[in-house]
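# Per-entry structural report
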Amino acid sequence: MKLDRLLSITMTLLNQPRVSATELAERFEVSLRTIYRDMDSINQAGIPIVSFPGSDGGYEIMPGYRIDKQILSLDDFSSIISALRGAQSATDSSDIHGLLERIGALLPASSSSDNAANVDFDFSPVPNDKEKIEPLHKAIKELRLVRFDYLDNKGQQSERTVEPMGLFLKGYVWYLYGYCLSRSDIRVFRLSRMLNLVSLPHTFVRRPYTLQDIEQQFMGQANFTKVRAVLRFHSEAKTRVRDEFGYDKVIDNPDGTMSVITHYSSTERAIRNILSYSSLVTVIEPPDLIEELTRHIKKLAMLYSIN
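Everything in this summary refers to the structure shown in the same document. Computed from a prediction, not measured in an experiment: that's the story for all the values here.

### Observations regarding a nonpolar patch on the surface
Nonpolar side chains collect at one region of the surface, where L275, I297, L300, L303 and Y304 lie side by side and expose about 540 Å² of accessible area between them. With 3 residues, helix α11 (residues 287–303) is the single largest residue contributor to the nonpolar patch. Its location among the elements puts L300 in helix α11.

Below, the structure is given as structure tokens:
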């Protein structure tokens, strides 16, 4: 395809100081006339190509264009490379390795490791999740069904057959989204809850869903079931509270305690989080959450009661 050839020619010119039209024609198996037209197209796209006559002639990109004339700066490229390396640590994908090489080729030869971004990204999942990412990634690319056992929030296990559509990282947790044939609807699955993953030989036609659709659908459900809670924390929990809820949501009280107004996606999630603070938190409102929390505490007390 012409677009692929134009991109490849541009990458070649970025990697080599000067390339002759004959060399390009042989490499891409096209005529010299086609190469001349390609150079005009690249020029018209805004990439300044300079031609040199003579036996040592050829084409090259105007000096300084790689950095000075690009929309992205050197720091931008370094940040992109750092992020890609983080993604590569999670997936071990050969595609990302190739992309790293192509992005690296856009940097000038004078660049060194001193120009690397000051921020490193590490998206590495836990070992059990990492074993699932590569086969899932392959199934997504090849449009193949996957089957696995899934544990829900209540520990119930069910077998699922899914049309995998994409992987995403949210809050240090890796997820798969796709169309669940077992539920006849779009679903999101946490990788850590997937067991006995198998890639099936059956293929599928991708449905018109994007990650944005998934976020809107599931965020909408979360908003519908949100539980508002007012909590008061003991000063000993200060560090964890600020890490978990953010500095802007924490209200410092005169007696040294802290108040937080927060929302949970469900009462169950609220109970689990509140109990994790033990005696360092008090629920101020709502009353129904206090009542449900009291029931849980009584059940816990019964487990350890002495007859």
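Having seen the structure, we can now continue with the description.
### Quick notes on the sheet that holds strand β4 (residues 157–170)
Taken in spatial order, the 5 strands make up an open sheet running β6-β5-β4-β3-β7, and their pairing is antiparallel. Edge strands, defined here as strands with exactly one partner in the open sheet, are β6 (185–190) and β7 (194–203). The average undirected angle you get between the axes of adjacent strands in this sheet is 45°. Direction of pairing for strand β3 (residues 144–151) relative to β4: antiparallel, over a ladder of 6 bridges. Residue pairing across strands places D149 opposite E159, the latter belonging to β4.

### Some remarks on the pairing of strand β5 (residues 173–180)
Taken across its 8 residues, β5 has 8 buried, putting it largely inside the fold. Where β5 and β6 come together, 6 bridges link them in antiparallel fashion. Note that in β6 the partner of Y177 across the bridge is V188. Linkage of β5 to β6, two consecutive antiparallel strands, is achieved through a turn of 4 residues, within which S184 is found at a positive phi near 55°.

### A look at the sheet that holds strand β9 (residues 250–252)
Pairing between the strands of a sheet comes from backbone hydrogen bonds, and it takes one of two forms, parallel or antiparallel. Reading across the sheet, the 4 strands line up as β9-β10-β8-β11 and stay open at both edges, with antiparallel pairing between neighbours. On the outer flanks of this sheet lie β9 and β11 (281–285), each paired with one strand and no other. In this sheet, neighbouring strand axes are inclined to one another by 30° on average, regardless of whether the strands run parallel or antiparallel. Across 3 bridges, β9 lies against strand β10 (residues 258–264) in antiparallel orientation.

Reading guide: rules and limits
- Residues numbered from 1 in each chain as written.
- Predicted model: local features only at pLDDT ≥ 70, side-chain atom pairs only at ≥ 80, totals over all residues.
- Heavy atoms only, no water.
- Patch = residues over 30% accessible without salt bridge, like charges linked within 9 Å, V, L, I, M, F, W, Y side chains within 5 Å.
- Areas by Shrake-Rupley, 256 points an atom, 1.4 Å probe, with all protein chains shown as cover.
- Salt bridge = Lys/Arg side-chain N within 4 Å of Asp/Glu carboxyl O.
- Helix = DSSP H or I, 4+ residues; strand = E, 2+ residues; numbered from the N terminus.
- Pairing = 2+ DSSP bridges.
- Axes fitted to C-alpha atoms, helices over the stretch in contact; angles between N-to-C directions.
- Buried < 20%, exposed > 50% of the residue type's maximum accessible area, 1.4 Å probe, protein only.

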